[in-house]
Amino acid sequence: MNVNYNFRRISLLLRADWMEYKKSYLFSMGVLFLVWMLSLFIVFIGEGTMRGGDVFWYFGTLASFLMFCQHVGRKMHRPKGVYLLLPASKEEKYTALLLESLVYFVGFQIVFWGGLLIWKPFIPRLVFPSLSQICHVGNLEVGGINGLETWIFFIASLLFLSYMSFRKHALLIAVGGMVTYVFLFILAAWNIVEGANLSGVDFRSSWLHDTLVFLADSCWPVMLASTLVVMYVAYLKLKEKEQR
């Protein structure tokens, strides 16, 4: 077999996955569509004005991403390991997995905007949320630089790695790990600040304040680099499982 990176083999992997998993994919998108239609129906029988459409977009995007992660978990941990035995390189399989995440994302966009178009004739006052409203979450700044997106990417990569690594309770393990990390970070920061206060250090003009400001300014590149590292670890997990 030619082990070079081949886009034709990637397209064949995507086609095989569509034939095998299209029912579960369409069912997942159908559930999101029904929930969205129910939400718009409640708007129709209520005051007739659209509020919180951007909130549903956030939760719907999260739900579609978790559906994708579950899809990855099924492929990685099937007892017979059929996907891992396909005649394609590890790089091609990993690329196919990442492209399938776009399929879930695009599928939810069709559900979201399609639902709005369907209900628009029945709800004249229905206002479509603008892209600026949907992306308003990115306007929160960390150290003067839009950095919340990098946190979102980092958390998403951890969830992806958890489903690649663990057969059961992957979501619980990922959330538990992140909560534990945040708790330890807050505890360590609290102890440092308390120690500085007890020693009489002026927090506003001390080296401690300058260090925290530097860490805040450096947050987004660190999170971006961490995301890339986690995604590479996920690739190594795929490589490890294939070698087994």
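Please read all numbers here as calculations on a predicted model, not as lab measurements. (Residues numbered from 1 in each chain as written. Predicted model: local features only at pLDDT ≥ 70, side-chain atom pairs only at ≥ 80, totals over all residues. Heavy atoms only, no water.)

Novice: Would you explain the pattern of salt bridges in this entry?
Specialist: When charged atoms on two side chains of opposite charge get close, those side chains can pair. Going through the model one piece at a time under the given rule, you end up with three salt bridges. Among the ionic pairs, Glu92 bridges to Arg9, the shortest N-O distance being 2.8 Å. Of this pair, Glu92 sits in helix 3 (residues 90–119) while Arg9 sits in helix 1 (residues 7–45), and the two are 83 residues apart along the sequence. Both residues of the pair, Glu92 and Arg9, count as buried. Lys75 is paired through a salt bridge with Asp17; the nearest N and O atoms lie 2.6 Å apart. (Salt bridge = Lys/Arg side-chain N within 4 Å of Asp/Glu carboxyl O. Helix = DSSP H or I, 4+ residues; strand = E, 2+ residues; numbered from the N terminus. Buried < 20%, exposed > 50% of the residue type's maximum accessible area, 1.4 Å probe, protein only.)

Novice: Any chance you could explain the packing of aromatic side chains here in plain terms?
Specialist: What describes a pair of aromatic rings is the distance from one ring centre to the other and the angle between the planes of the rings. What the rule picks out here adds up to 17 aromatic pairs. Considering the side-chain rings of Trp36 and Phe56, the 4.3 Å spacing of their centres and the 15° angle between planes classify their relative orientation as stacked. Placement of the pair is Trp36 in helix 1 and Phe56 in helix 2 (residues 53–76), with a sequence separation of 20 residues. Taking the relative accessible area as the measure of exposure, Trp36 reaches 1% and is therefore buried. By relative accessible area, Phe56 is classed as buried at 15%. An aromatic cluster is defined as three or more aromatic residues linked by ring pairs; in this entry it consists of Trp18, Tyr25, Phe65, Phe68, Tyr94, Tyr104, Phe160, Tyr232 and Tyr235. (Phe/Tyr/Trp six-rings, centres within 6.5 Å; stacked < 30°, edge-to-face > 60°.)

Novice: Honestly, helix 5 (residues 148–165) in this entry has me stumped. Any pointers?
Specialist: Given 3.6 residues per turn, any residue in an α-helix points the same way as the ones three and four places further on. Taking 1.5 Å of rise per residue, the 18 residues of helix 5 would be expected to cover 26 Å, and the 26 Å separating its terminal C-alpha atoms lies within 8% of that figure. Within helix 5, the full set of buried residues consists of Thr150, Phe154, Ser157, Leu159, Phe160, Leu161, Ser162, Tyr163, Met164 and Ser165. (Expected span 1.5 Å × (residues − 1).)

Novice: Hey, could you run me through the nonpolar core in this one?
Specialist: Most often, soluble globular proteins have nonpolar side chains that are buried together. Of all hydrophobic cores here, the largest spans 37 residues; its most connected members are Met29, Trp36, Val72, Phe112, Phe160 and Met164. Secondary structure elements with two or more residues in this core: helix 1, helix 2, helix 3, helix 5, helix 6 (170–198) and helix 8 (219–243). With eight residues, the single largest contributor to this core is helix 3. (Core = buried A, V, L, I, M, F, W, Y, C linked by side-chain atoms within 4.5 Å.)

Novice: I'm lost on a nonpolar patch on the surface in this one. Help?
Specialist: Taken together, the side chains of Leu38, Phe41, Ile42, Phe44, Ile45 and Phe122 define a hydrophobic patch exposed on the protein surface, amounting to about 610 Å² of accessible area. Positionally, Phe41 belongs in helix 1. (Patch = residues over 30% accessible without salt bridge, like charges linked within 9 Å, V, L, I, M, F, W, Y side chains within 5 Å. Areas by Shrake-Rupley, 256 points an atom, 1.4 Å probe, with all protein chains shown as cover.)

Novice: Would you take a moment to explain the side chain of Ser162 for this structure?
Specialist: Here Ser162 shows up in helix 5. The exposure class assigned to Ser162 is buried, which follows from its relative accessible area of 5%. Apart from residues lying up to four places away in sequence, Ser162 is in contact with Ala170, Ile173 and Ala174. (Contact = heavy atoms within 4.5 Å.)

Novice: What exactly am I supposed to notice about the confidence of the model for the chain here?
Specialist: Detail in the predicted coordinates should be disregarded across regions flagged by low pLDDT. Taken over all residues, the pLDDT of the chain has a mean of 78, while the share at 70 or more is 69%. Strand 1 (residues 141–142) is the least confidently modelled element of the chain, averaging 40 in pLDDT, while helix 3 averages 90, the highest of any element. Scored below 50 in pLDDT, residues 137–145 shows 16 contacts in the model against residues more than four places distant or in partner chains. (pLDDT = per-residue confidence, 0-100.)

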